[in-house]
Amino acid sequence: MNPLLEVRDVSLSYHTPSGETKALSHISFDLMPGEFLAVVGPSGCGKSTLLNVICGLLRPEEGTVLMNGTPILKGDPRIGYMLQKDHLLEWRTVYKNVLLGLEIRKEITVDKLSYIENMLRIYGLDKFRSSRPSQLSGGMRQRAALIRTLALKPDLLLLDEPFSALDYQTRLNVSDDIGTILQKEKKPAILVTHDISEAISMADRVIILTKRPASVADIISIKLDIENRTPLSSRNAPDFKSYFNLIWKELNQNA
């Protein structure tokens with residue numbers, strides 16, 4: 001099976017009048033079809049920068065990023081991007097917010113409207129379709145943002161700490177919801193997070209980055225001995241603590 005995404009020897013520096021700041025250094029990894037990767041590393045090491053390179057917002061100074069063997073361009077429709085904030089527009093209803101990406105791309109079709117209706121119903125937002133974002137809980141807002149992104153039918157989903165603004169209990173529930181949604185949709189994803197437990201519970205593999213300039217310290221395959229794995233149930237797996245300690249140790253060695 002060929003990789004969906006190939007990141008090969010990617011390096012990038014920020015240039016300002018005061019000098020050069022190296023952000024990424026010779027990063028390489030693959031993402032397979034249907035796979036969920038998590039990226040962890042010291043604060044400020046360049047995790048979000050890496051996502052911006054993958055989606056084409058930044059162009060690497062060295063190396064290549066290929067998706068299905070072709071270069072990724074700025075605004076590539078094959079990639080969906082969920083940011084830390086949901087960016088729902090208060091003057092639009094939940095339903096109109098979910099439609100926003102399709103409106104911008106002029107891609108509203110009967111099939112895609114039907115898909116949205118099904119997603120709203122399955123994930124508990126149908127009764128709130130006429131509500132404003134301020135009337136939703138933080139978890140419901142994140143589900144709406146995810147449906148808005150999935151409505152575009154991206155081949156790859158990038159998640160930049162989408163749960164960081166939520167309280168702990170809501171964060172657990174929403175990460176479980178979204179992880180389960182992505183499993184059902186068989187949607188490959190890359191999650192950037194500071195939360196080691198979140199990374200282990202959601203990912204098939206965890207990429208550990210060093211301090212800036214970020215390079216790949218290690219890639220850990222997560223194999224939990226648990227049936228019908230979900231992000232929430234993964235935390236009860238016998239090997240969960242061992243993976244946590246392994247990644248914690250690796251992070252501290254490279255901080």
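Look a little higher up for the structure.
Notes on the structure follow.

Cut-offs applied
Residues numbered from 1 in each chain as written. Predicted model: local features only at pLDDT ≥ 70, side-chain atom pairs only at ≥ 80, totals over all residues. Heavy atoms only, no water. Phe/Tyr/Trp six-rings, centres within 6.5 Å; stacked < 30°, edge-to-face > 60°. Helix = DSSP H or I, 4+ residues; strand = E, 2+ residues; numbered from the N terminus. Lys NZ or Arg CZ within 6 Å of the ring centre and 35° of its normal. Patch = residues over 30% accessible without salt bridge, like charges linked within 9 Å, V, L, I, M, F, W, Y side chains within 5 Å. Areas by Shrake-Rupley, 256 points an atom, 1.4 Å probe, with all protein chains shown as cover. Salt bridge = Lys/Arg side-chain N within 4 Å of Asp/Glu carboxyl O. Lys, Arg positive; Asp, Glu negative; His and termini not counted. Charge placed at Lys NZ, Arg CZ, Asp CG, Glu CD. Buried < 20%, exposed > 50% of the residue type's maximum accessible area, 1.4 Å probe, protein only. Pairing = 2+ DSSP bridges. Contact = heavy atoms within 4.5 Å. Axes fitted to C-alpha atoms, helices over the stretch in contact; angles between N-to-C directions.

**Observations concerning the packing of aromatic side chains**
Consideration 1: As enumerated under the stated definition, the model contains one aromatic pair in all.
Consideration 2: Between Phe 244 and Trp 248, the aromatic rings sit 6.4 Å apart at their centres with planes inclined by 10 degrees, giving stacked as the arrangement. Here Phe 244 and its partner Trp 248 are both found in helix α8 (residues 240-253), four residues apart, which amounts to about one turn of the helix.
Consideration 3: The side chain of Arg 129 reaches across the aromatic face of Tyr 95, ending 4.5 Å from its centre.
Consideration 4: Over the face of the ring belonging to Tyr 115 we find Lys 153, whose NZ or CZ atom lies 4.4 Å from the ring centre.

**Concerning a negative patch on the surface**
Consideration 1: Taken together, the side chains of Asp 9, Glu 20, Glu 61 and Glu 62 present a region of like negative charge at the surface.
Consideration 2: Structurally, the position occupied by Glu 62 is in strand β4 (residues 62-67).
Consideration 3: Given a relative accessible area of 39%, Glu 62 falls into the partly exposed group.

**Some details on the sheet that holds β4**
Consideration 1: Here we have four strands laid out as an open sheet, ordered β2-β1-β4-β5, and antiparallel in their pairing. Both edges of this open sheet fall to β2 (19-31) and β5 (70-71), since each of them pairs with a single strand only.
Consideration 2: Where strand β1 (residues 5-16) lies against β4, five bridges are found, and the strand directions are antiparallel. Paired with Glu 6 across the two strands is Leu 66, which belongs to β4.
Consideration 3: Helix α1 (residues 47-54) contacts β1, β2 and β4 of the sheet and is inclined by roughly 65 degrees relative to β2.

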